[in-house]
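# Analysis of the macromolecular model
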Amino acid sequence: LRRRQAAGMQTAAAEARLGLHGSAQMAVGQRVTAFHPKERHLSTGTVLTPDGDHYKVQFDRPKLGVQLVKDVFVMPLLDGSRGIDF
């Protein structure tokens, strides 16, 4: 247990040195680019709900549907106009 705690503190310290303070918080309705967990590619969508360390994302392409995506694989869509699939 102590080793795991020490490893966690080392990871947190390394993230702080690199300027990584966890993932950004997304708001419900926010436009995002996310890594689709099944198709394994980036696509745009909208955050439906936060769920712990995941977000429920409705992807723009109907065939991609709604998926639960880990928070580190979701980023704000910086171009506020329209989504572009990669």
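Structure: above.
All values derive from a computational prediction rather than experimental measurement.

## Quick look at the overall build of the protein
- Each helix and strand in the protein was counted, giving 1 helix and 5 strands.
- Start at the N end of the protein and walk to the C end: the helices and strands fall as α-β-β-β-β-β.
- A buried classification covers 22% of the 86 residues belonging to the protein.
- Sequence separation of at least 24 residues holds for 37% of the intrachain contacts in the protein that already meet a minimum separation of 6.
- As displayed, the protein has an accessible area near 6,300 Å², and 56% of this comes from carbon and sulfur atoms.

## Some thoughts on the pattern of salt bridges
- Tallied over the full model, the rule gives 2 salt bridges.
- Between Asp60 and Arg31 there is a salt bridge; the shortest N-O distance is 2.9 Å. One end of the pair, Asp60, is in the loop between strand E3 (54-59) and strand E4 (66-70); the other, Arg31, is in strand E1 (residues 31-35), and 29 residues separate them in sequence.
- The exposure class of Arg31 is partly exposed, given its relative accessible area of 29%.
- One salt bridge connects Asp53 with Lys70, and the closest N-O pair in it is separated by 3.2 Å. With Asp53 in the loop between strand E2 (42-51) and E3 and Lys70 in strand E4, this residue pair connects regions lying 17 residues apart in the sequence.

## Observations concerning the pairing of E4
- A one-sided burial pattern is seen for E4, the buried positions being Gln67 and Val69 and the unburied ones Val66, Leu68 and Lys70.
- Relative to E4, E3 is paired through 5 bridges, and the arrangement is antiparallel. In the strand pairing of E4, Lys56 is matched with Leu68.

## With respect to the sheet that holds E2
- Read from one edge of the open sheet, 5 strands run E4-E3-E2-E1-E5, paired in antiparallel fashion. Strand pairing shows two members of the sheet lacking a second neighbour, E4 and strand E5 (74-76), which therefore form its edges. Looking at each pair of strands side by side, their axes are set apart by 45 degrees on average, direction ignored.
- The sheet contact formed by E1 and E2 spans 5 bridges and is antiparallel. Along E2, the bridge assignment pairs Phe35 with Leu42.

## What to know about the nonpolar core
- Counting residues in hydrophobic clusters, the biggest one holds 10 residues: Met26, Val32, Ala34, Val47, Tyr55, Val57, Phe59, Leu64, Val69 and Val74.
- For this core, the secondary-structure elements that each account for two or more residues are E1 and E3.
- The dominant element in this core, judged by the number of residues it contributes, is E3, at 3 residues.
- Aside from chain neighbours lying at most four places away, what touches Val47 is Met26, Ala27, Val28, Gly29, Gln30, Val32, Tyr55 and Lys56.

Reading the values: the criteria
- Residues numbered from 1 in each chain as written.
- Predicted model: local features only at pLDDT ≥ 70, side-chain atom pairs only at ≥ 80, totals over all residues.
- Heavy atoms only, no water.
- Helix = DSSP H or I, 4+ residues; strand = E, 2+ residues; numbered from the N terminus.
- Buried < 20%, exposed > 50% of the residue type's maximum accessible area, 1.4 Å probe, protein only.
- Contact = heavy atoms within 4.5 Å.
- Areas by Shrake-Rupley, 256 points an atom, 1.4 Å probe, with all protein chains shown as cover.
- Salt bridge = Lys/Arg side-chain N within 4 Å of Asp/Glu carboxyl O.
- Pairing = 2+ DSSP bridges.
- Axes fitted to C-alpha atoms, helices over the stretch in contact; angles between N-to-C directions.
- Core = buried A, V, L, I, M, F, W, Y, C linked by side-chain atoms within 4.5 Å.

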